[in-house]
Amino acid sequence: MFSKSKINEPGPKTADTASAAAPKPTPSVPPAAADAKPVTPKAKPPASTLSSDLHITGNMKTTGDIQVEGTVEGDIRAHLLTIGESATIKGEVTADDVVINGRIVGRVRGLKVRLTSTARVEGDIIHKTIAIESGAHFEGSVQRQDDPLNPGRGSKPETANPAAAKKPDTAS
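Cut-offs used in this document
Residues numbered from 1 in each chain as written. Predicted model: local features only at pLDDT ≥ 70, side-chain atom pairs only at ≥ 80, totals over all residues. Heavy atoms only, no water. Helix = DSSP H or I, 4+ residues; strand = E, 2+ residues; numbered from the N terminus. Buried < 20%, exposed > 50% of the residue type's maximum accessible area, 1.4 Å probe, protein only. Contact = heavy atoms within 4.5 Å. Areas by Shrake-Rupley, 256 points an atom, 1.4 Å probe, with all protein chains shown as cover. Core = buried A, V, L, I, M, F, W, Y, C linked by side-chain atoms within 4.5 Å. Salt bridge = Lys/Arg side-chain N within 4 Å of Asp/Glu carboxyl O. Pairing = 2+ DSSP bridges. Axes fitted to C-alpha atoms, helices over the stretch in contact; angles between N-to-C directions.

To continue, consider the overall build of the protein chain. The secondary structure content of the protein chain amounts to 4 helices and 14 strands. A total of 172 residues make up the protein chain; the buried ones form 26% of that total. In the protein chain, the proportion of contacts linking residues at least 24 apart, taken out of those at least 6 apart, comes to 6%. Here the protein chain has roughly 11,400 Å² of accessible surface; of this, 56% comes from carbon and sulfur atoms.

Written out as structure tokens, the structure reads:
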């Protein structure tokens, strides 16, 4: 029934146990790495499109892309904003990339701003880089800034800080 030789031979059982224990940590590492790889590359969602028959009153904000073909009365903030030829925006536009084919009445802020030949802009443009095609209509001022997306940054805060520093001195 029982034999002492099997009990007294712990060598093979210890080796089997060690070999069984050794592979367990090794396989657990690759599945974790395999799980991390598919999670990292995310597919970029398609741009949200506002059709030409849509009229929006209010502000919009997204980290994604928007293509406007209709009318918006309000501010828009996006990553990539494309204004279609039939679109009209009345408000401030802020995006990393702005492509204007239609009409904007208001300020435009963008790292890269492009006015195509069908663009109609009535307002100031604050940009890092700008391109204006022949035929575009533009009324307003153009100002280059290193960080046009943050209106609080630039020369104005530097001017405000010395003025703020003078007020406490004057009050003393």
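Glancing now at the nonpolar core. Counting 23 residues, the largest nonpolar core has Val 68 and Ile 100 as its most contacted members. Where this core is concerned, the elements lending two or more residues are strand E4 (65-68), strand E6 (76-83), strand E8 (93-100) and strand E10 (108-115). When sequence neighbours within four positions are dropped, the list of residues in contact with Val 68 reads Leu 50, Ile 76, Leu 81, Thr 82, Ile 83, Gly 84, Ala 87 and Ile 89.

Take the pattern of salt bridges next. With the rule as written, the count across this model stands at 3 salt bridges. Its salt-bridge partner being Asp 146, residue Arg 144 comes within 2.8 Å of it at the nearest N-O pair. Taking the relative accessible area as the measure of exposure, Asp 146 reaches 56% and is therefore exposed.

Attention shifts here to the environment of Arg 107. Among the secondary structure elements, Arg 107 is positioned in the loop between strand E9 (103-105) and E10. Residue classification places Arg 107 among the partly exposed positions, given a relative accessible area of 35%. Spatially, the C-alpha atoms of Arg 107 and Val 93 are 6.3 Å apart, while their sequence positions differ by 14 residues. Setting aside its immediate chain neighbours within four residues, Arg 107 contacts Gly 91, Glu 92, Val 93, Asp 124 and Ile 126.

This part takes up the sheet that holds strand E13 (residues 137-139). One open sheet holds the 6 strands; their spatial order is E2-E5-E7-E9-E11-E13, and the pairing between them is parallel. Taken across any chain shown, the strands that pair with only one partner, and hence form the sheet edges, are strand E2 (55-57) and E13. Strand after strand, the sheet turns through a mean of 5° between neighbouring axes, direction not considered. Sheet topology note: the strand E5 (residues 71-73)/strand E7 (residues 88-90) ladder contains 3 bridges and is parallel. Looking across to E7, one finds that Val 72 is bridged to Ile 89.

Now for the side chain of Thr 88. Mapped onto the fold, Thr 88 is located in strand E7. Judged by its relative accessible area of 18%, Thr 88 is buried. When residues no more than four places from it in sequence are discounted, the contact partners of Thr 88 are Gly 70, Thr 71, Val 72 and Arg 103.

Counted residue by residue, E8 has 6 buried out of 8 residues, so it is predominantly covered. As paired strands, E6 and E8 are joined by 7 bridges and run parallel to one another. The residue of E8 that forms the bridge with Ile 76 is Val 93. Note that E8 and E10 share 7 bridges and pair parallel. Each bridged residue has a counterpart across the sheet, and for Val 98 the counterpart in E10 is Val 113.

Sheet topology places strand E3 (residues 60-61) next to E6; 2 bridges connect them, and they run parallel. Bridging from a neighbouring strand, Lys 61 pairs with Arg 77 of E6. Summarising the sheet, E4 and E6 pair through 4 bridges and their orientation is parallel. Across the sheet, the residue bridging to Val 68 is Ile 83, located in E6.

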